[in-house]
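Residue-level structural notes
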Amino acid sequence: MSAVQQTKRRKKRNWAPYWLILPSLIYLALFFAWPMVRGLALAVWNDEALLSLREEASQESDVSGTLPQGTTVNVLDRQGNFIAADELDTGNILTEVWFQVQGTDPDGQTVTGWVSESRIRVREETEEGIPTGGTVRTKLGAGADPLTSIYAEENDNSEIVGKLEARSAVTIEDVIVLEVWYLINGSAADEEIVEGWARSRYVQVFEDENTGRIDRGDTGKLTTEYLQKMVNDRFFMPALGTTLLLMVIIIPIQFTLAIIMALVIQANLKWSGLFLYVFAIPLAASDLAVGIVWFSIFTTNGYLNTILQGLGIVDAPVTFLSVETRYWILIAITLAEVWRATSIVMVIVVSGLQAISTEILEAAELFGAGLWQRLRYVILPLLRPSLQVALILRTILALQVFAVVVALSGGDVVTVLANETYRQYYDFRNLNVAASYAGFILIISMVSALFYLRAIRTQEEARA
Amino acid sequence: MSAMGESNHTTIQASEEVRAIHRQMLRRQRINRGFAYLVAFLIVLWILIPIWFISSMALTTQENVRAYPKGVLPFIEFSFDTMQFFLSSEGIVPGIINSITVAVIALVLSTLIAAPSGYAISRYLFRGRDTYRLAILMVRAFPIVVLAIPLVVVFINFKIFDSVLSLALMHTALTLPTTILIIGSVFASIPYELEEAAMVFGCTPLQAFRRVVFPLVLPGIAAAAIFTFVMSWNEVFAASVLTIQNRTLPAQVFNTLSQSSQAYQFAGAFFMLIPSMVFIFFIRRYLFNMWGQITK
């Protein structure tokens, strides 16, 4: 009995943590994992790549073949087709309106049937703007049939039920909005010609009305198109170069400074609490704000020029942040990033230092090891795990520098990968290429993280 | 006798040598300490001078902002003119309201979801605990850039694009891992024995948690919440990508950066820095809690 109770209790105890972490798992799956997968798919998946052509002008009819996006096609015929009301605001849709009319033909017979809106001049409307009556328009052009055909169904391929004279009065009994379908043919690079019907939303017809191109498709396909677009973008190489350059310059400076700061904090100075507070201020500083702060220093009428001129080093204010002086922009970005992001490394290093027992450090000091020797042979080796974490974190964050760069360079003269992602999305409205950039940043982040883990492990193995 | 005298002599000599070494070490230590103070002082200057500069620009008249050479407080006129100009610019007050709304929603959601998880990882040894912690860390390290673009698509599909709520949901996803780890370390610092003792004295587990553990962890959870608030308040990239009409303060400043005057920019930067300076003061004790966790 008690054994059963115990297993029961143990089982209960085992399930509790899973219930407790469940909300966070659900949340992260919903707002992290799923969007991530969907978003990265954008970089390699074109969901408008292929257009299926139908044998007849209907979505239910069989597919006669597919043509890729961008193919030039011949337009052979057009026809209006029923469209659901909620599809009416679809982009690039071409509609035509047909009226069901009743009128009297030249022979005096009553004709009821469908006619395109373009053939009727509306004369009477209800208060809501629904047409109720009108007259048949005069046909223009020589040799045209002076009579207007009335069709049995709401498209001009159907049977003609009668003809009406120009200017004869009709009553409008029904109005229907139709989407235009085109009968098109064309061929994808060297393949056989495909012919079929397609909806107007997918086809852009040129002015001559006989040719057109496939604007977008309805079926997705894997593509490297966006990745190519990204790589061929003229800002790609500069952005990648600058991002890597900044990483290579900033990270060593940051780590040196962070270790110095951490040693100062650990030295048990009198106001060490105050020092810690001041050192930690940049930790929570907004990167945009920090960019602007350093802009106030480096701008032409800024503090750096004030100081330099005050000391008599320069005679007139120097323009630091301009196209001709790109290296100054890089220096300003470096200083701003070192100012902003060293604190976080410091905090990680201090946590690491606190874990090192003071006996070891005291022993090293007692045996006469100088500061440099202690650092080289005792502190740094023991700090390795902390430094590894800090290095991974900093590298990943360095790949995301964004607001600082924009604040200091305007985002044009010096650009970084994150800025290009933003521009592709925001300025060029190119979600897919932006997703490619995002994926690219992700891949570099992951590769560098793996590289650090690997490098440090092999070092340890070599030692063992 | 003589031998003894000799040995006595050597001891005296040795102790003198030892004293000399001691003196030398003391001197070296004093020099080292002096050096440490010097370095500390220099770093403090390095951090405070830019803040001093931007405060001088934000808390003076607009003529002083445009002036060259630039002055610093208290040698230039103190005035709220620049701040007033910034705060009365278009989109700033709504931006501040949006920023606070987003940050508060993110803070509440993130704390509510993270607290049980933090409790679970600090109190239970369960299968998959390490995997879970690793996954959380990976989410923490994921680039914001990578997450923002995909979320645009999702939010457009859900028709909550360009709303304060969508941004708050995104910021929650962003801050959740950090919050879980901080809260986990805060719970870990409260001995389980306290809870047990409370139960021995007749509390139910829930009561033990509410009466004993909860008051003890409250400051730590508040620190985590403040950190979430600051992270959300600072975040620019996702805010600019996910909102158009309902911009938060950083997004608003960022998007008008190229067309705005220096007075506006400097006052904006100063205003955005204030929370970080104030909040870090309150949570400085917990900083190592937050990051110590990760290295373990």
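A short tour of the structure in this document, coming up.

Conventions used here
- Residues numbered from 1 in each chain as written.
- Chains lettered and ligands numbered in written order.
- Predicted model: local features only at pLDDT ≥ 70, side-chain atom pairs only at ≥ 80, totals over all residues.
- Heavy atoms only, no water.
- Helix = DSSP H or I, 4+ residues; strand = E, 2+ residues; numbered from the N terminus.
- Rg over C-alpha atoms; globule rule 2.2 N^0.38 Å.
- Contact = heavy atoms within 4.5 Å.
- Areas by Shrake-Rupley, 256 points an atom, 1.4 Å probe, with all protein chains shown as cover.
- Lys, Arg positive; Asp, Glu negative; His and termini not counted.
- Charge placed at Lys NZ, Arg CZ, Asp CG, Glu CD.
- Buried area = accessible area lost by both parts, 1.4 Å probe.
- Salt bridge = Lys/Arg side-chain N within 4 Å of Asp/Glu carboxyl O.
- Polar contact = N/O pair within 3.5 Å; in protein donor to acceptor, adjacent residues only side chain to side chain.
- Nonpolar A, V, L, I, M, F, W, Y, C, P; charged D, E, K, R; others polar.
- 1 Å grid on protein atoms, 1.4 Å probe; cavity = no way out; pocket = protein on both sides within 12 Å on 5 of 7 lines; lining within 4 Å.
- Points joined across faces, edges and corners; volume = space filled by probe spheres on them.

A tally of regular secondary structure across chain A gives 12 helices and 14 strands. The C-alpha radius of gyration computed for chain A amounts to 36 Å, which surpasses the reference 23 Å derived for 464 residues by more than 25%, pointing to a less compact arrangement than a globule. Viewed in the frame of its principal axes, chain A has a C-alpha envelope of about 125 × 95 × 55 Å. Of the contacts formed within chain A by residues at least 6 apart in sequence, a portion of 65% connects residues at least 24 apart. In the form shown here, chain A has an accessible surface area of approximately 23,500 Å², with 56% of it arising from carbon and sulfur atoms. Each charge class in chain A was averaged separately, 35 positive and 50 negative side chains, and the resulting centres sit 18 Å apart.

What follows covers the interface of chain B and chain A. At the junction of the two partners, chain B supplies 89 residues and chain A supplies 93 residues. Taken over both partners, the interface formed by chain B and chain A buries close to 8,300 Å², and the fraction arising from carbon and sulfur atoms is 79%. Here chain B and chain A share zero salt bridges between them. Where chain B meets chain A, there are 16 residue pairs in polar contact (both at pLDDT 80 or more). If one sorts the elements of the side of chain B that touches chain A by residue count, helix 1 (residues 2-58) of chain B sits on top with 17 residues. A breakdown of the residues in the side of chain B that touches chain A according to their chemical character gives 69 nonpolar, 14 polar and six charged.

Evaluation of the coordinates by the stated rule reveals three cavities of 30 Å³ or more. Considered as a void within the structure, the largest cavity measures approximately 710 Å³ in volume. Lining the largest cavity are 28 residues, and of these D287, R340 and L397 of chain A together with I144 and M231 of chain B sit closest to its centre. Taken together, the elements giving at least two residues each to the lining of the largest cavity come down to helix 7 (326-355) and helix 9 (371-398) of chain A together with helix 5 (129-141), helix 6 (144-158) and helix 9 (205-234) of chain B. Here the residues of the lining of the largest cavity are counted per class, giving 21 nonpolar, two polar and five charged.

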